[in-house]
Amino acid sequence: MGSEYLDPNVVKLANFRVCKVSSYTTELLEIQADNPTVHVLFVPGNPGNVLWLLTGSEVSMYFQNWEQGQLFSLQQQINHKVDFLSQELQETKVPIVLVGNSFMKVGHSIGAYITMEMLKRKGDQVIYFIGLYPFIMVNPQSKKQANIAKVSRSSILSCLMSLMVASIGLLPKWLSQYIVVQYIGNSSWSTSAVETARGHLLKYHLFRNMLYMAMTEFKEFSQAPDWEFMKKNQRKMTFLFGDDDHWGPLQVYEEVAKQVPDMALMIEREGLSHSFCCTEAGSIWVARHVASLIKIQTSSSASAADDGKLSQIA
């Protein structure tokens with residue numbers, strides 16, 4: 001994010017730390033406020049590299065081979081995030097806001113689905129959930145999804161694809177950067193996003209994990225979303241859809257609006273993409289959108305609490 005958008009009087013550097021959650025080594029980036037009134041937890045999508053998304057929690061299988069070649073399913077990722085809430089945030093004295101982040105075109109914004117499951121299991125701790133460019137159901141019109149599903153279902157194709165991607169990482173830096181921009185990202189990606197992709201995405205085990213998790217995602221989404229849960233918790237949930245996003249297309253937006261008509265939904269029409277977090281303009285726009293949602297939600301929650309106190313006194 002460019003320094004011209006930041007107030008030097010309030011900006012704080014993120015602290016990186018590694019901890020054990022459910023016996024798995026987990027990478028965290030944290031920013032501590034002096035007097036916090038709310039705890040905001042970002043959960044990246046697939047593959048969930050914290051250096052890419054700046055903050056969040058994720059089994060660190062994608063950054064370093066901490067777990068010695070183990071593959072992780074969608075349900076294992078969900079269980080891990082729920083355990084993180086229990087272990088790291090059980091004693092927090094402030095309400096928790098979950099933000100399900102997206103990743104990039106070759107990955108999935110499955111973080112929105114993961115955080116929705118966290119809300120389902122830990123609703124007593126969480127006051128609000130924000131899903132960004134959500135991947136919560138299969139898009140039958142997307143050829144990209146169909147191709148990824150086909151590759152992910154075959155262990156042979158997954159291994160071959162992972163080997164091919166890893167071989168790109170062995171090329172000279174200038175050439176691998178060019179391939180990342182041309183075939184994975186685009187010219188609007190920031191230098192840091194391209195370098196992170198080149199340095200961390202082009203790894204055999206990481207890409208193999210991405211495809212394995214994708215396979216379990218498509219299996220999970222063979223069933224319809226839990227509309228009843230969404231209806232019961234619609235005031236604690238919101239989604240941001242993209243105007244041109246094959247992972248969370250407008251037909252999914254329309255289906256959510258139909259099934260849960262009172263849920264707060266928004267469509268981004270600023271010309272961003274599913275990989276918004278890889279561009280400076282996208283990161284700034286979405287960050288401001290999320291900040292405004294949190295401000296509105298926390299203000300309304302505080303007002304509701306005050307009303308409750310007045311009612312008890314009366």
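Not measured: the values here are computed from a predicted model.

Enquirer: Sorry if this is basic, but what is going on with the pattern of salt bridges here?
Expert: Once their charged atoms are close, side chains differing in charge can pair, the charge on each being opposite to the other. Counted by the stated rule, this structure contains 7 salt bridges. Measuring nitrogen to oxygen at the nearest pair gives 3.2 Å for the salt bridge that ties Glu117 to Lys120. Here Lys120 and Glu117 lie together in helix H3 (residues 111-121), a separation of 3 residues that amounts to about one turn. Measuring nitrogen to oxygen at the nearest pair gives 2.9 Å for the salt bridge that ties Glu195 to Arg198.

Enquirer: Looking at this structure, how should I read the nonpolar core?
Expert: Across soluble globular proteins, nonpolar side chains show a tendency to be buried alongside one another. One finds Met116, Ile136, Met237 and Phe239 to be the most contacted residues of the largest nonpolar core, which totals 41 residues. Once you skip the residues sitting within four places of it in the chain, Met237 turns out to touch Met116, Leu119, Tyr128, Phe129, Phe229, Met230, Met263 and Ala264. Residues Val151, Leu206, Phe207 and Leu293 belong to the second largest nonpolar core, which totals 31 residues.

Enquirer: What is the right way to read the packing of helix H4 (residues 143-153) against helix H5 (residues 155-169) from this model?
Expert: If you want to describe how two helices pack, look at the angle between their axes and the distance between the axes. Close contact between H4 and H5 brings their axes to 5 Å; oriented N to C, the two are set at 105 degrees. Considered as vectors, H4 and H5 are oriented roughly perpendicular to each other. Mapping the contact onto sequence places Lys150, Val151, Ser152 and Arg153 in H4 and Ser155, Leu157, Ser158 and Met161 in H5. A breakdown of the residues in the contact of H4 with H5 according to their chemical character gives 3 nonpolar, 3 polar and 2 charged.

Enquirer: Teacher, can you tell me more about the packing of aromatic side chains here?
Expert: Given two aromatic rings, one states the distance between the centres and the angle between the planes to describe the pair. Considering all chains together, one arrives at 9 aromatic pairs under this definition. With centroids separated by 4.9 Å and ring planes inclined at 75 degrees, the aromatic side chains of Tyr113 and Phe221 adopt a geometry described as edge-to-face. With Tyr113 in helix H3 and Phe221 in the loop between helix H8 (204-220) and helix H9 (227-232), this pair connects stretches of sequence that are 108 residues apart. Of the two residues examined, Tyr113 and Phe221, each falls in the buried class. Above the plane of the ring of Phe229 lies Lys120, whose end atom (NZ or CZ) is 5.3 Å from the centre.

Enquirer: Just to check I follow, could you spell out the pairing of strand E1 (residues 15-21) for this structure?
Expert: When E1 meets strand E2 (residues 24-30), the two strands line up antiparallel, connected through 7 bridges. Note that in E2 the partner of Val18 across the bridge is Glu27. If you look at the hairpin formed by E1 and E2, you'll find 2 residues sitting between the two strands, and Ser22 has a positive phi there, around 55 degrees.

Enquirer: Help me understand the confidence of the model for the chain in this model?
Expert: Low pLDDT marks regions whose predicted coordinates should not be analysed in detail. In the predicted model, the chain carries a mean pLDDT of 80, and the fraction of residues at 70 or more is 82%. Model confidence for the chain, summarised as mean pLDDT per element, is weakest for strand E4 (residues 56-59) at 42 and strongest for H9 at 96. Counted against residues more than four places away or in other chains, residues 1-6, with its pLDDT under 50, gives 11 contacts. A low-confidence stretch, residues 308-314 stays under pLDDT 50, and its non-local contacts, those more than four residues away or across chains, total 0 contacts.

Enquirer: Would you mind going over H4 with me for this structure?
Expert: Residues spaced three or four apart along an α-helix face the same direction, because each turn holds 3.6 residues. Within H4 the residues assigned to the buried category are Gln145, Ile148, Ala149, Val151 and Ser152. Down the axis of H4, the smallest arc covering the buried residues is 165 degrees, so these residues share one side. For H4, the exposed residues set more than 90 degrees away from the buried face come down to Lys143, Asn147, Lys150 and Arg153. For H4, the N-terminal cap is Ser142; the gap from its side-chain oxygen to the backbone nitrogen of Lys144 is 3.4 Å.

Reading guide: rules and limits
- Residues numbered from 1 in each chain as written.
- Predicted model: local features only at pLDDT ≥ 70, side-chain atom pairs only at ≥ 80, totals over all residues.
- Heavy atoms only, no water.
- Salt bridge = Lys/Arg side-chain N within 4 Å of Asp/Glu carboxyl O.
- Helix = DSSP H or I, 4+ residues; strand = E, 2+ residues; numbered from the N terminus.
- Core = buried A, V, L, I, M, F, W, Y, C linked by side-chain atoms within 4.5 Å.
- Buried < 20%, exposed > 50% of the residue type's maximum accessible area, 1.4 Å probe, protein only.
- Contact = heavy atoms within 4.5 Å.
- Axes fitted to C-alpha atoms, helices over the stretch in contact; angles between N-to-C directions.
- Parallel < 35°, antiparallel > 145°, perpendicular 65-115°, else oblique.
- Nonpolar A, V, L, I, M, F, W, Y, C, P; charged D, E, K, R; others polar.
- Phe/Tyr/Trp six-rings, centres within 6.5 Å; stacked < 30°, edge-to-face > 60°.
- Lys NZ or Arg CZ within 6 Å of the ring centre and 35° of its normal.
- Pairing = 2+ DSSP bridges.
- pLDDT = per-residue confidence, 0-100.
- Arc of directions from axis to C-beta.
- Polar contact = N/O pair within 3.5 Å; in protein donor to acceptor, adjacent residues only side chain to side chain.

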